[in-house]
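Here are the chains, one letter per residue:
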Amino acid sequence: SYDLPKDLPPVAQPGQRPIVAFVGGDHAILAVQFVENNSEIVGANIVVGSEVPVRGLIEGVGHAACVLANTQQPTAVTLPCTAIAKGKDTAIVIGGGDEVVAAAAQAGTLYGAYHNTLSPEGVAAIWGGYISPSAANAKASQQGSSVTPIVVVEGK
């Protein structure tokens, strides 16, 4: 279990990040707790056990980032989705899963893997990489392509 300090400021201070992740502990719990001030969401605490896969950590931090961005940015919407770009065209896939991410990465069209912000100005990826089997990384390297960074954990 985790003891959260009671003397933390209730609002984000300049230069501080509003999302805090507590990683570790021998369990498979992933929990997101939102921090409020004057009935507004101003931050999030995330607890991630050592048995939670890396993809779970991405989902927890991504969920918190989506909620915070949507609360604080009225002219944009942040979603759990995949952004695929080719030339000047961008497609957003909601609920496509890791198969869509892997296919877009292999095709060289992956822009944002798991969470993206959509605004009148365009699309901004929340993550700068994606999770892929090590075989995909080797194939992309052999082809000499410039691929998004890949995280490989236990072959997944």
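Up top you'll find the structure we're talking about.
Residues numbered from 1 in each chain as written. Predicted model: local features only at pLDDT ≥ 70, side-chain atom pairs only at ≥ 80, totals over all residues. Heavy atoms only, no water.

Chemist: I'm lost on the pattern of salt bridges in this one. Help?
Modeler: When the charged atoms of two side chains with opposite charge come close together, those side chains can pair. A complete count under the given rule lists two salt bridges for this structure. The salt bridge partner of R55 is E59, with a shortest N-O separation of 2.3 Å. Here the residue R55 and the residue E59 both occupy positions in helix α1 (residues 54-72), the gap between them amounting to four residues, near one helical turn. On the basis of relative accessible area, R55 is assigned to the partly exposed category, the value being 22%. Looking at E59, the relative accessible area reads 33%, which means it is partly exposed. (Salt bridge = Lys/Arg side-chain N within 4 Å of Asp/Glu carboxyl O. Helix = DSSP H or I, 4+ residues; strand = E, 2+ residues; numbered from the N terminus. Buried < 20%, exposed > 50% of the residue type's maximum accessible area, 1.4 Å probe, protein only.)

Chemist: Looking at this structure, how should I read the sheet that holds strand β2 (residues 30-37)?
Modeler: Each strand in a sheet pairs with another by means of backbone hydrogen bonds, the pair being arranged parallel or else antiparallel. Taken together, the three strands give an open sheet; going across it, the order is β1-β3-β2, and neighbouring strands pair in mixed fashion. Since the sheet does not close on itself, it has two edges, and those belong to β1 (19-23) and β2, each with one partner. Here the strands of the sheet are splayed against their neighbours by 20° on average, with no regard to which way each runs. (Pairing = 2+ DSSP bridges. Axes fitted to C-alpha atoms, helices over the stretch in contact; angles between N-to-C directions.)

Chemist: Would you mind showing me how to read the nonpolar core here?
Modeler: Soluble globular proteins tend to pack their nonpolar side chains together in the buried interior. Counting residues in each nonpolar core, the largest one holds nine residues, listed as I58, V101, A104, A105, L110, A113, Y114, Y130 and I131. At the level of elements, α2 (97-107) and β10 (130-131) are the ones that each hand at least two residues to this core. A total of three residues in this core trace back to one element, the largest contributor, which is α2. Those residues in contact with V101, other than ones at most four positions away along the chain, are T82, L110, A113, Y114 and Y130. Grouped together as the second largest cluster of nonpolar side chains are seven residues, V48, V52, A64 and L68 included. (Core = buried A, V, L, I, M, F, W, Y, C linked by side-chain atoms within 4.5 Å. Contact = heavy atoms within 4.5 Å.)

Chemist: Would you mind showing me how to read the sheet that holds strand β9 (residues 122-125) here?
Modeler: Taken in spatial order, the three strands make up an open sheet running β4-β8-β9, and their pairing is antiparallel. Two strands bound the open sheet, and with one partner strand each, they are β4 (77-80) and β9. Averaged over all pairs of adjacent strands, the angle between their axes in this sheet comes to 25°, without regard to strand direction. In this structure, β4 lies alongside strand β8 (residues 115-119), joined through four bridges in antiparallel fashion. Residue V77 lies in a different strand from β8, and its bridge partner there is L118.

Chemist: Is there a simple way to explain unusual backbone geometry in this structure?
Modeler: Negative phi characterises most residues that are not glycine, and trans characterises most peptide bonds. A positive phi angle, near 55°, is found at N38, a position not held by glycine. Even without being a glycine, S39 presents a positive backbone phi close to 65°. By secondary structure assignment, the location of S39 is in the loop between β2 and β3 (40-48).

Chemist: Looking at this structure, I do not really get the pairing of β3. What am I missing?
Modeler: Consecutive side chains along a regular strand alternate between the two faces of the sheet. For β3, the buried fraction is high: seven of the nine residues fall into the buried class. Strand direction decides the pairing type here: β1 and β3, joined by five bridges, are parallel. Its bridge partner being in β3, F22 is matched across the sheet by V47. The turn joining β2 and β3, which pair antiparallel and follow one another in sequence, is formed by two residues; a positive phi near 55° is taken by N38.

Chemist: When you look at α1 in this model, what are you seeing that I'm missing?
Modeler: The end-to-end C-alpha distance of α1, which contains 19 residues, comes to 27 Å, matching closely the 27 Å that a straight helix rising 1.5 Å per residue would cover. Listed as buried for α1 are G56, I58, G60, V61, G62, A64, A65, C66 and L68. Against β1, β2, β3, β4, β8 and β10 lie the buried residues of α1. (Expected span 1.5 Å × (residues − 1).)

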